[in-house]
Each structure stands twice: as structure tokens, then as C-alpha cells.
Amino acid sequence: MLGGLGKLAAEGLAHRTEKATEEAVHVVEGVVKEVVEHAKEAGEKAISDALKRAQEKGDKVVKEVTETVTNTVTNAVTHAAEGLGKLGQ
């Protein structure tokens, strides 16, 4: 009779252990899902920030190149006009 009770107790313990394990797995899955979501959001923000900085630097380079080309062309035209003016004298 006690053998039957021991078997029943072992089965009950196994069942409770299985349920507790399932619950623990479920909790861990939820935590992992949350961590992955936060990592994804952080990664998306980092990429967005990097792209924004790259765009700003690109805009700055374009502005600087435009100014340099404009100044160079202006100086060349001015120099040419001065040279032509001297030829006409």
C-alpha cells in the first residue's frame, strides 16, 4: 500500500515539476522576447542616428565643395576679365 502511495507521490511531484518547468520556460521566453525587442529598438535608433549624421556630413561636404567651386570660378573669371581689360588698354 505504501508503495502505491510512493508511486502516486512521485507522479504528482513529476507533474508539478513539469508544470513548474513549463512556467519557467514561458517566463524566460517572455524575458528573451522583451530583451530582443529592446535590442531591436536600440539598433534601429543607432542606425537612424548614424544615417542622420552621415547625411549632415554629406550636406556639409556638398556645401563646402560648392563654395570652393564657386570661388574658384569667380576668381578665374575675374582674372580673365582683368587680363582682357589690360589687353584692351
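The present account deals with the structure reproduced in this document. A quick note: this is a predicted structure, and the numbers were derived from the prediction, not measured. Along each chain, numbering runs from 1 in the same order as the chain's sequence is written. Local features in this predicted model are restricted to residues whose pLDDT is 70 or higher, and side-chain atom pairs enter the listing and the counts only when it is 80 or higher, whereas totals over whole chains, interfaces and linings include all residues. Excluded from the side-chain calculations are hydrogens and water; all other atoms, namely the structure's heavy atoms, are used.

Concerning the overall build of the chain
Only DSSP runs of H or I with at least four residues qualify as helices, and only runs of E with at least two residues qualify as strands; both kinds are numbered from the N terminus onward. Each helix and strand in the chain was counted, giving one helix and zero strands. For this measure, only C-alpha atoms enter the radius of gyration; the expected value for a globule follows 2.2 Å times N^0.38, where N is the number of residues. The C-alpha atoms of the chain give a radius of gyration of 38 Å, which is well past the 12 Å a tight globule of 89 residues would have. Across its three principal axes, the chain shows a C-alpha extent of roughly 130 × 10 × 5 Å. Within the span of the chain, comprising 89 residues, buried residues form 0% of the whole. Counting only carbon and sulfur atoms, one obtains 66% of the accessible surface of the chain, whose full area is about 8,000 Å². Positive and negative side-chain charges of the chain, numbering 12 and 15 respectively, have mean locations separated by a distance of 4 Å. Exposure is judged per residue with a 1.4 Å probe applied to protein chains only, and the accessible area is read against the type maximum: over 50% gives exposed, under 20% gives buried, and values in between give partly exposed. Values of accessible area rely on a 1.4 Å probe in the Shrake-Rupley scheme; residue burial ignores everything except the protein chains shown. Under the counting rule used here, the positive set is Lys and Arg, the negative set is Asp and Glu, and His together with the chain ends is not counted. Just so you know, the charge point we use is NZ for Lys, CZ for Arg, CG for Asp and CD for Glu.

A word on the pattern of salt bridges
We count a salt bridge whenever a side-chain nitrogen from Lys or Arg sits within 4 Å of a carboxyl oxygen from Asp or Glu. A complete count under the given rule lists two salt bridges for this structure. As a salt-bridge pair, Glu22 and Lys19 come within 3.7 Å of each other at their nearest N and O atoms. Taken together, the residues span about one helical turn, with Glu22 and Lys19 both in helix H1 (residues 2-87) at a distance of three residues. The exposure class assigned to Lys19 is partly exposed, which follows from its relative accessible area of 40%. Between Asp49 and Lys45 there is a salt bridge, with the nearest N and O atoms lying 3.0 Å from each other. Pair noted here: Asp49 and Lys45 are both in helix H1, with a separation of four residues, about one helical turn.

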